[in-house]
Amino acid sequence: MKATMLYGAGDVRFEDVAEPTIQKPTDAIIRLAASCVCGSDLWPYRGAQPVDGPQAMGHEYCGVVGAVGDAVTSVRPGQFVVGSFVLSDNSCPHCKYGFQSSCEQREFMTGAQAPLARVPLADGTLVALDQHPDEDLIPSLLAVSDVYGTGYFACDAAGVKPGMTVAVVGDGAVGLMAVLSAKQMGADRIIAMSRHKSRQDLALEFGATDIVAERGEDGIAKIRELTGGVGADAVMECVGMEESMKQAIYGARPGGSIGYVGVPHGVTFDGQELFFAQRQMLGGPAPVRRFLPDLIDSVLKREINPGKVFDLEIPLADVAEGYKAMDERRAIKTLLRV
């Protein structure tokens, strides 16, 4: 089969590879219904992360089970499944506390920008639907596996509750999903920080009440201006850069919370600065598996439509163009049709 391989900065190829096979009794093989390009894929694509050799790309996925290992009991061939980008056994102590992304057997999904993919730890990672979904729900179910689950975790980590005033730093796909999640959790005022008209429009559609185009110190000042000089009750950091993290910390009020899900690059903290800031912080890789059943149910009931974040849809064979479009900010998120 052909699959997506990254050879180095800017070098994405759709080329022949061996079909995945069952390697361990806990594995499953799925035939993908669709795949996509993640914002985190752009870090190695841009050369911000080293690429030691050709690597299989793709960690967001949903589709139909084709085969399972002898130890797999929770899913069976023919079922439609959605899984997390973090693979977990869902039974270790950390999983039981709801942090499957710190599972004692944790692995990270790879190779999902392809027609077929191997999913290790299938019992703990995959959630099966009762029946195959309607075709128009596929983008939203795909979003649940990472980008929406991550935006949701940002809000959960920040403790978003009904009536709160919150802010979202970052207008990429995860930031937009955090806006949608904050609305779903009942936030009364949602400040979306964005400089791009198409992203501003989608943020407003997802539930944002205010748009702030300023960044850095100016962005912080604008949040405080909008909140009567106080700051937001909760801020979701969805970028992973030094400026965006400081914007999140100081955009929140003292005692407020920051949920950070942007993969950090070059972020440092001063201990004294954090000490006197008095903000609560929780984040990291999202434990999507914790949220999968509820988020899938919301999609199937058509209560939410996170699939709207995909503003470019192309065939899987054109995956290199999908990366380029996102890198050049011509697309928020690329859906790859298998």
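Before any of the text, the structure's been laid out above.
Residues numbered from 1 in each chain as written. Predicted model: local features only at pLDDT ≥ 70, side-chain atom pairs only at ≥ 80, totals over all residues. Heavy atoms only, no water.

A. View of the overall build of the chain. A count of helices and strands for the chain gives 12 helices and 18 strands. Its C-alpha atoms put the chain at 60 × 40 × 40 Å along the principal axes. In the chain, which comprises 338 residues, the proportion classed as buried is 55%. When contacts within the chain are restricted to residue pairs at least 6 apart in sequence, those whose partners lie at least 24 apart make up 69%. (Helix = DSSP H or I, 4+ residues; strand = E, 2+ residues; numbered from the N terminus. Buried < 20%, exposed > 50% of the residue type's maximum accessible area, 1.4 Å probe, protein only. Contact = heavy atoms within 4.5 Å.)

B. How the structure looks around the sheet that holds strand S14 (residues 232–237). Taken in spatial order, the six strands line up as S13-S12-S11-S14-S15-S16 in an open sheet, and their pairing is parallel. On the outer flanks of this sheet lie strand S13 (210–212) and strand S16 (280–283), each paired with one strand and no other. Strand-to-strand twist of the sheet, defined as the mean angle between neighbouring strand axes without regard to direction, takes the value 20°. In this sheet, S14 lies alongside strand S11 (residues 165–169) in parallel orientation, the contact comprising four bridges. Bridge assignment links Val-169 to a residue of S14, and that residue is Glu-237. Sheet strands touched by helix H8 (residues 216–226): S11, strand S12 (189–193), S13 and S14. Its angle to S12, the strand with the most contacts, is close to 160°. (Pairing = 2+ DSSP bridges. Axes fitted to C-alpha atoms, helices over the stretch in contact; angles between N-to-C directions.)

C. Broad picture of the sheet that holds strand S2 (residues 11–16). What the three strands build is an open sheet, ordered S2-S1-S4; its pairing is antiparallel. Edge positions in the sheet fall to S2 and strand S4 (55–56), since each of these pairs with one other strand and no more. Inspection of the sheet shows strand S1 (residues 2–8) paired to S4 by two bridges, in the antiparallel sense. Bridge assignment links Met-5 to a residue of S4, and that residue is Ala-56. Packed on one face of the sheet, helix H12 (residues 319–327) meets S1 and S2 and runs near 160° to S2.

D. Just the pairing of strand S15 (residues 252–260), in detail. Bridge count between S14 and S15: five bridges; the pairing is parallel. Bridging from a neighbouring strand, Ala-234 pairs with Ser-257 of S15. In the classification by handedness, the crossover that spans S14, the intervening helix H9 (residues 242–251) and the parallel S15 is right-handed. Strand direction decides the pairing type here: S15 and S16, joined by four bridges, are parallel. In the sheet register, Gly-259 faces S16, and the bridge partner there is Leu-282. In the classification by handedness, the crossover that spans S15, the intervening helix H10 (residues 271–277) and the parallel S16 is right-handed. (Right-handed = clockwise from strand over helix to strand, strands pointing away.)

E. Local environment of the pattern of salt bridges. All chains considered together, the criterion is met by 21 salt bridges. A salt bridge links Asp-171 to Arg-329; the nearest nitrogen and oxygen atoms lie 3.1 Å apart. With Asp-171 in the loop between S11 and helix H6 (173–184) and Arg-329 in the loop between H12 and strand S18 (334–337), the pair connects residues that are 158 residues apart, well separated along the chain. Since its relative accessible area comes to 9%, Asp-171 is described here as buried. Across the pair Glu-225 and Lys-222 runs a salt bridge whose closest N-O atoms are separated by 3.4 Å. Placement of both Glu-225 and Lys-222 in helix H8 is noted, with a separation of three residues, approximately one turn of the helix. Residue class for Glu-225 comes out exposed when judged on its relative accessible area of 56%. The partly exposed category is assigned to Lys-222, whose relative accessible area is 25%. Through salt bridges with shared partners, one network takes in Asp-134, Asp-136 and Arg-302. (Salt bridge = Lys/Arg side-chain N within 4 Å of Asp/Glu carboxyl O.)

F. A nonpolar patch on the surface, seen in detail. Together, Phe-269, Leu-274 and Met-281 give the surface a local cluster of nonpolar side chains, amounting to about 240 Å² of exposed area. Along the polypeptide, Leu-274 turns up in helix H10. The class of Leu-274 is partly exposed, set by a relative accessible area of 31%. (Patch = residues over 30% accessible without salt bridge, like charges linked within 9 Å, V, L, I, M, F, W, Y side chains within 5 Å. Areas by Shrake-Rupley, 256 points an atom, 1.4 Å probe, with all protein chains shown as cover.)

G. Geometry of unusual backbone geometry. Residues other than glycine seldom take positive phi values, yet Gln-278 does so here, at roughly 55°. Taking relative accessible area as the criterion, Gln-278 reaches 57% and is therefore assigned exposed. The backbone of Arg-329 sits at a positive phi, close to 60°, despite the residue not being glycine.

Scope: geometric values only; no functional claims are made or implied.
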